[in-house]
Amino acid sequence: MRGPFGLPLRAPRLTIALVLLVTAVLGAFAATIRIDSAIENLLPEHDAERDYYENVKALFGSEEATVVAVFADDVFTPPLLARIDTLTKQLAKIDGVREVMSVTNVKGVDAEDGSVRVGPLMRSLPQTAEDAAALRKRMIGDPLYAGNIVSSDGAATGIVVLFEPLRDEEFLSRGIEDRIRREVEALFAPAEFAITGIQTFKVEGARLMERDLQRFVPLSIALVVIVLAWEFRTWRGVLLPLGAVIIGVVWTVGVMVLAGSSINMGTLILPPLLMAIGIAYAVHVVSRYYQELEHIHERAAVVDATVRHIRVPSSIAWLTTTIGCATLAVTPIPAIRDFGVYSALGVTLTWLVSMTFVPAMLLLLPDARLTDHQEERGRRLNEWLASVGRFGVRRRRPIMVVSALVCAVLLYGATKLEVETDYLSFFGPSTVVRRDND
């Protein structure tokens, strides 16, 4: 066979060697992929309102504070106030923290000798219960502090941490949230504090995304193996399609790293999605290979006939899928644009591997012959599918009417979809993030 589809047949060993070499190189890059849970990825680029917001943050600092809540029967006790003061000073030393405000350093206004003094409300740490009680009375009796920096019953107080203007990716890479948590845990027991805020959501969101990848990628592989084993019941029928789709995913993630991209809220579903979509190309190749085995006995001729029959329908399936994914590449929202670009790329790479690597492997593997049981099982499946097709032809009018009615009902339901931008809803009600925020 001539043309690009004939290369694996003319040089199968070279094809396999090139695929494995590219996989090794891109795999090294893929192993360094980063998780980016920044909300900025969900905002349109070069939007006037976003640019204005970024300018305001650059001038006045971000309003995205982290709040450490401290709980006690009474936070106005000298030992507890001392610990709060120590934590306030430790948090202020963290690189990237602009300001820390707590009950021990919050500013106030005092009248002294006919003049007005503006400065820390608490000049020195209370040493006695009487001093602490006086501070308690003053702060709880002032609406500027009660309900803001301390609860009205004195059972909780907040330590507000404000940050320098940092991009979300930089905040995550510096590990600022983890350093805050370590400082708090060094001074307070778990039941004595809670940590919340937008930055906390972002950090925990990144960890949740990483856990999802670690959970769903192996699950996707397991489901693919089960389906392939049920369909082919041969080692090559399982390992070749599985290998092709894994190579396609590795190549895609490796290219993402080389392009400076990360796994974000849009591309999080990319690896399992590529496995679900891309596996079809390799399955078609192997399935056609077993069909040709029923009529042809020479190995090279079987693979040649397989590629001849599959190249056109496979190419059309690849092209339509790629076009559908690529339509998302024109959106101004980075997360969705990345998904469109890399899903189109991933489908292309998986199709390319399926049309080169899989035929080359089939050509080099020992001859395969279907058992009588496998042939009988294949005939039964073909007969069942043919009966489904005949039923669809005979009952075409009722089927079209029912389909139209179902579409109409579901189209109405689609108009009731609501847009939800509550970042906190990403986390389950029982998670530490939700509990601490509550």
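The structure this text deals with has already been given above.
The structure presented is a predicted model; accordingly, all values stated were derived computationally and were not measured. (Residues numbered from 1 in each chain as written. Predicted model: local features only at pLDDT ≥ 70, side-chain atom pairs only at ≥ 80, totals over all residues. Heavy atoms only, no water.)

Caption draft 1: A look at the overall build of the protein. Tallying secondary structure elements over the protein gives 15 helices and six strands in all. Relative to its length of 438 residues, the protein is extended, with a C-alpha radius of gyration of 31 Å against a globular reference of 22 Å. Seen along its three principal axes, the alpha-carbon backbone of the protein occupies a region of about 105 × 55 × 45 Å. Partitioning the contacts of the protein with sequence separation of at least 6, the portion at a separation of at least 24 is 74%. Surface exposure of the protein reaches about 24,000 Å², of which carbon and sulfur atoms provide 64%. (Helix = DSSP H or I, 4+ residues; strand = E, 2+ residues; numbered from the N terminus. Rg over C-alpha atoms; globule rule 2.2 N^0.38 Å. Contact = heavy atoms within 4.5 Å. Areas by Shrake-Rupley, 256 points an atom, 1.4 Å probe, with all protein chains shown as cover.)

Caption draft 2: View of the sheet that holds strand 1 (residues 66-71). The antiparallel open sheet is built from four strands, whose spatial order is 2-5-1-6. Pairing within the sheet leaves two strands with one partner each, and these edge strands are strand 2 (97-101) and strand 6 (193-197). Within this sheet the neighbouring strands show an average axis-to-axis angle of 20°, counted without direction. Relative to strand 5 (residues 156-163), strand 2 is paired through four bridges, and the arrangement is antiparallel. (Pairing = 2+ DSSP bridges. Axes fitted to C-alpha atoms, helices over the stretch in contact; angles between N-to-C directions.)

Caption draft 3: Looking closely at the environment of Y145. Examined against the element boundaries, Y145 turns out to sit in the loop between helix 5 (129-140) and strand 5. Separated by 140 residues in sequence, Y145 and V285 have C-alpha atoms that sit 71 Å apart.

Caption draft 4: Just the packing of aromatic side chains, in detail. In total, this model carries five aromatic pairs according to the counting rule given. Pairing F201 with F427 gives two aromatic rings, centres 6.4 Å apart and planes at 45°, and the pair type is tilted. One end of the pair, F201, is in helix 8 (residues 198-232); the other, F427, is in the loop between helix 14 (396-414) and helix 15 (432-437), and 226 residues separate them in sequence. Take F201 and F427: they sit in the same class, and that class is buried. For the ring pair F232 and Y290, a centre distance of 5.9 Å and an interplane angle of 35° mean the geometry is tilted. Of this pair, F232 sits in helix 8 while Y290 sits in helix 10 (residues 270-293), placing them 58 residues apart in sequence. (Phe/Tyr/Trp six-rings, centres within 6.5 Å; stacked < 30°, edge-to-face > 60°. Buried < 20%, exposed > 50% of the residue type's maximum accessible area, 1.4 Å probe, protein only.)

Caption draft 5: Quick peek at the side chain of Q199. Mapped onto the elements of the fold, Q199 is located in helix 8. With residues near it in sequence (within four places) discarded, Q199 still touches E64, T66, F163, D168, F171 and E177.

Caption draft 6: Up close: the nonpolar core. With 52 residues, the main nonpolar core has L228, W251, Y289, V303, F357, V358 and L362 as its most contacted residues. Elements supplying a minimum of two residues to this core: helix 2 (12-30), helix 8, helix 9 (235-258), helix 10, helix 11 (299-326) and helix 12 (334-364). Excluding residues that lie within four positions of it along the chain, F357 makes contacts with T15, I16, V19 and I247. (Core = buried A, V, L, I, M, F, W, Y, C linked by side-chain atoms within 4.5 Å.)

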